[in-house]
Amino acid sequence: MTRIVDNEGIGALYATAVIKQTAGVFDLSEEHVGTAVCLDGNNTISHGVDGGGLLGCLEYVAGGYAAVQIGGVARLPVSTAKTAPAVGNRVVVDGAGAVYQAPTLTDVPAGGAIGRGVVLRYDAESGTCDVLL
């Protein structure tokens, strides 16, 4: 018998958040579901900034509110312009909904995040990684 390991959604924990607005327009919509998000204020989320701290995966959007997976294993897109994450390491966001390898502690830029989670799987073909949040 052949079994396929599928980490996605294991131990998922969700939170409700407000979506950040720019000039009266919500920064995230249904087309962004499945992307990496950050905290951007009190219970407010956005894609954040390059090198920012990962909060979780955007799961649902409606009326300016969102459901965000903040715990468990999330499958996230990997930035094609940055260093691919290594299994066992942490990730940060690229500010556009993807993640990449977090810098080492000695290389964290001022105001940057040290990374979050543990990469369980990286799939170069699909451009995704499974992160234990």
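One can find the structure itself at the top, above this paragraph.
Treat the numbers as computed from the prediction; the structure is a model and nothing was measured. (Residues numbered from 1 in each chain as written. Predicted model: local features only at pLDDT ≥ 70, side-chain atom pairs only at ≥ 80, totals over all residues. Heavy atoms only, no water.)

Some points on the state of the cysteines
Here is step 1 of the chain: As enumerated under the stated definition, the model contains zero disulfides in all.
Here is step 2 of the chain: Between C57, a cysteine without a disulfide, and C129, which holds the nearest cysteine sulfur, the sulfur-to-sulfur distance is 10 Å.
Here is step 3 of the chain: For C57, a relative accessible area of 3% translates into the label buried.
Here is step 4 of the chain: Classification of C129 as buried rests on a relative accessible area of 0%. (Disulfide = S-S within 2.5 Å. Buried < 20%, exposed > 50% of the residue type's maximum accessible area, 1.4 Å probe, protein only.)

Some details on the sheet that holds strand β7 (residues 65–71)
Hydrogen bonding along the main chain pairs the strands of a sheet, whether they run parallel or antiparallel.
Here is step 1 of the chain: Around the barrel, which closes on itself, the five strands sit in the order β1-β5-β4-β6-β7 with mixed pairing between neighbours. Neighbour to neighbour, the strand axes of the sheet diverge by 55 degrees on average, direction disregarded.
Here is step 2 of the chain: Where strand β1 (residues 13–19) and β7 come together, six bridges link them in antiparallel fashion. Counted as the bridge partner of L13 is G71 from β7. (Pairing = 2+ DSSP bridges. Helix = DSSP H or I, 4+ residues; strand = E, 2+ residues; numbered from the N terminus. Axes fitted to C-alpha atoms, helices over the stretch in contact; angles between N-to-C directions.)

Here's the deal with the sheet that holds strand β11 (residues 118–123)
Here is step 1 of the chain: Across the sheet, which stays open at both edges, the three strands sit in the order β8-β12-β11 with antiparallel pairing between neighbours. Each edge of the open sheet carries a strand with a single partner, namely β8 (73–77) and β11. Adjacent strand axes in the sheet meet at a mean angle of 25 degrees, parallel and antiparallel pairs treated alike.
Here is step 2 of the chain: Two elements, β11 and strand β12 (residues 128–132), share five bridges in a ladder whose sense is antiparallel. Following the sheet pairing, V118 is matched in β12 by L132.

Let's talk about the side chain of H32
Here is step 1 of the chain: With respect to the secondary-structure elements, H32 resides in the loop between β3 (25–26) and β4 (36–39).
Here is step 2 of the chain: Apart from residues lying up to four places away in sequence, H32 is in contact with D27, H47 and L58. (Contact = heavy atoms within 4.5 Å.)

Examining the side chain of S46
Here is step 1 of the chain: Structurally, the position occupied by S46 is in strand β5 (residues 44–46).
Here is step 2 of the chain: Overall, the relative accessible area of 5% leaves S46 in the buried class.
Here is step 3 of the chain: Of note is the side chain of S46, whose polar atom sits 2.7 Å from the side chain of D40.
Here is step 4 of the chain: Of note is the side chain of S46, whose polar atom sits 2.9 Å from the backbone nitrogen of G48.
Here is step 5 of the chain: Setting aside its immediate chain neighbours within four residues, S46 contacts K20, L28, V37, C38 and D40. (Polar contact = N/O pair within 3.5 Å; in protein donor to acceptor, adjacent residues only side chain to side chain.)

A look at unusual backbone geometry
Here is step 1 of the chain: Phi angles above zero are rare outside glycine, and A23 is one such case at about 55 degrees.
Here is step 2 of the chain: Note that A23 resides in the loop between β2 (21–22) and β3.
Here is step 3 of the chain: By relative accessible area, which is 79% here, A23 ends up exposed.
Here is step 4 of the chain: One non-glycine residue with positive phi stands out, namely N43, at about 50 degrees.
Here is step 5 of the chain: Along the chain, the position of N43 falls in the loop between β4 and β5.

Brief notes about the pairing of β12
Here is step 1 of the chain: In terms of burial, β12 is largely enclosed, as four of its five residues are buried.
Here is step 2 of the chain: Inspection of the sheet shows β8 paired to β12 by five bridges, in the antiparallel sense. Among the inter-strand pairings, P77 is bridged to a residue of β12, identified as T128.
Here is step 3 of the chain: Taken together, β11 and the strand that follows it, β12, pair antiparallel across an intervening segment of four residues, in which G127 is found at a positive phi of about 70 degrees.

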